[in-house]
Amino acid sequence: MHGLLLTFTMILMLCFTAGSQAYEGKIYKWKDKDGKLHFSDKPPKDQSLKVEEQKVDSSKLTVTSMPRSQRQTPLTAGQCQSAIDNLKNTEPLYRGELVEKLAKKEINDQQFAQGLAKLDDVKRIVNPDSCRNAQPEDRSLLNCIAQNEDARQCIK
């Protein structure tokens, strides 16, 4: 829980430092009745909650690094098979979409080639040999494909 809070706080602070001008304002922090922690620039409507006011001076903030995302667990054999099946069914749809966009001049030859290369990269990940042992950065893609029969939205 502490890691999530730290991550959320870092992201929140990064948002305040993104602007070119310094932001001086207040952030309100509170826990709801379920114990979930909230941050907002406005206090909660429920005035019975204990609210802490946080002053923020973004001109004094420095973000040196962002925390890595949490590792996902490896896919099960069933999830891998779903990903393989869904990609097999999606591949002709994805290729057809690329051909259609090229014909309508919505994309150029280079974008068409990049789309086909992306599909080839995905196919290297979504196979029985590499799915179960996929790298953490590939697991979200594999999960998306496993959960979507038409996985085009995962490939783009």
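Fair warning: this is a prediction, and the values are worked out from it, not measured in the lab. Every chain's residues receive numbers from 1 upward, in the order its sequence appears when written. Selection of residues for local features in this predicted model requires a pLDDT of at least 70, selection of side-chain atom pairs for listing and counting requires 80 or more, and totals for whole chains, interfaces and linings are taken over all residues. Side-chain numbers here rest on the full set of heavy atoms in the structure, without hydrogens or water.

Engineer: How would you sum up the overall build of the protein chain? Please name residues and give values.
Structural biologist: The numbering of helices and of strands both runs from the N terminus, where a helix is a DSSP run of H or I of at least 4 residues and a strand a run of E of at least 2. Scanning the protein chain for helices and strands turns up six helices and three strands. With a 1.4 Å probe rolled over the protein chains alone, any residue whose accessible area is under 20% of its type maximum counts as buried; one over 50% counts as exposed, and the rest are partly exposed. Counting all 156 residues of the protein chain, 26% fall into the buried class. If you take every contact in the protein chain between residues at least 6 apart in sequence, the share linking residues at least 24 apart comes to 60%. Residue contacts are defined here by distance: any two heavy atoms, one from each residue, within 4.5 Å place the two residues in contact.

Engineer: Provide a residue-level description of the nonpolar core, including the pertinent values.
Structural biologist: For this analysis, a nonpolar core means a set of buried residues of the types Ala, Val, Leu, Ile, Met, Phe, Trp, Tyr and Cys, connected via side-chain atoms within 4.5 Å. Leu87, Val122, Val126, Leu141, Leu142, Ile145 and Ile155 are the most contacted members of the largest nonpolar core, which totals 22 residues. Taken together, the elements giving at least two residues each to this core come down to α2 (77-103), α3 (109-125), α5 (136-147) and α6 (152-155). When residues in this core are grouped by element, the largest group, six residues, is from α2. Apart from the residues within four sequence positions on either side, Leu142 is in contact with Leu75, Ala83, Ile125, Val126, Cys131 and Ala134.

Engineer: Before we move on, can you summarise the packing of α2 against α5 with the specific residues and values?
Structural biologist: Between N-to-C directions, angles cover 0 to 180 degrees, with each direction set by a line fitted to C-alpha atoms, over the stretch in contact for helices. The N-to-C vectors of α2 and α5 enclose an angle of 70°; their axes lie 7 Å apart at closest approach. Taken together, the axes of α2 and α5 are roughly perpendicular relative to one another. At the point where α2 passes α5, the crossing takes the left-handed sense. Contacts from Gln79, Ser82, Ala83, Asn86 and Leu87 of α2 reach α5 at Leu142, Asn143, Ile145, Ala146 and Gln147. Should an angle fall under 35 degrees it is taken as roughly parallel, and over 145 as roughly antiparallel, whereas 65 to 115 is taken as roughly perpendicular and any remaining angle as oblique. Handedness of each helix crossing follows the sense of rotation of the near helix against the far helix: counterclockwise by less than a right angle gives left-handed, clockwise gives right-handed.

Engineer: Explain α3 to me, and be specific about the residues and the numbers.
Structural biologist: Take the number of residues in a helix, subtract one, and multiply by 1.5 Å to get its expected span. The end-to-end C-alpha separation of α3 is 25 Å, in line with the 24 Å expected for 17 residues at 1.5 Å each. All of the buried residues in α3 are Phe112, Gly115, Leu119, Val122 and Ile125. All buried residues of α3 fall inside an arc of 140° around its axis, so they share one side. Away from its buried face by more than 90 degrees, α3 exposes Asp109, Gln110 and Arg124. At its buried positions, α3 is contacted by α2, α4 (128-131), α5 and α6. Polar contact is defined as a pair of N or O atoms within 3.5 Å, subject to the rule that within protein one atom must be able to donate a hydrogen and the other to accept it, and that residues adjacent in sequence are counted only when both atoms are side-chain atoms. Where α3 begins, one side-chain oxygen reaches toward the backbone nitrogen of Gln110, 3.0 Å away; that side chain belongs to Asn108. Comment: arc refers to directions from the helix axis out to C-beta atoms.

Engineer: Kindly report on the environment of Cys154, identifying the contributing residues and their values.
Structural biologist: Structurally, Cys154 can be placed in helix α6. Among the residues examined, Cys154 registers a relative accessible area of 10% and is labelled buried. Along the chain, Cys154 and Ser140 lie 14 residues apart, while their C-alpha atoms are 9.2 Å from each other. The residues contacting Cys154, other than those within four sequence positions of it, are Leu141, Cys144, Ile145 and Asn148.

Engineer: Break down the state of the cysteines for me, with residues and values.
Structural biologist: Cysteine sulfur atoms that pair up within 2.5 Å are treated as a disulfide. Tallied over the entire structure, the rule returns two disulfides. Across the disulfide from Cys144 sits Cys154; the S-S distance is 1.9 Å. An S-S torsion of about -75° defines the bridge between Cys144 and Cys154 as left-handed. Of this pair, Cys144 sits in helix α5 while Cys154 sits in helix α6, and the two are ten residues apart along the sequence. For the protein chain, the bonded cysteines connect in the pattern 1-2, 3-4 when numbered consecutively along the sequence.

Engineer: Explain α2 to me, and be specific about the residues and the numbers.
Structural biologist: Across its 27 residues, α2 extends 39 Å between first and last C-alpha, which sits within 8% of the 39 Å expected from 1.5 Å per residue. Of all the bends in α2, the greatest, near 35°, is centred on Thr90, and the proline Pro92 appears no more than four residues after it. Buried within α2 we find Cys80, Ala83, Ile84, Asn86, Leu87, Thr90, Glu91, Tyr94, Glu97 and Leu98. Among the structural elements, α3, α4, α5 and α6 are those in contact with the buried residues of α2. Lys105 sits one or two residues past α2 and shows a positive phi near 60°. Note that the bend at a residue is defined as the angle between axes fitted to the seven residues ending at it and the seven residues starting at it.

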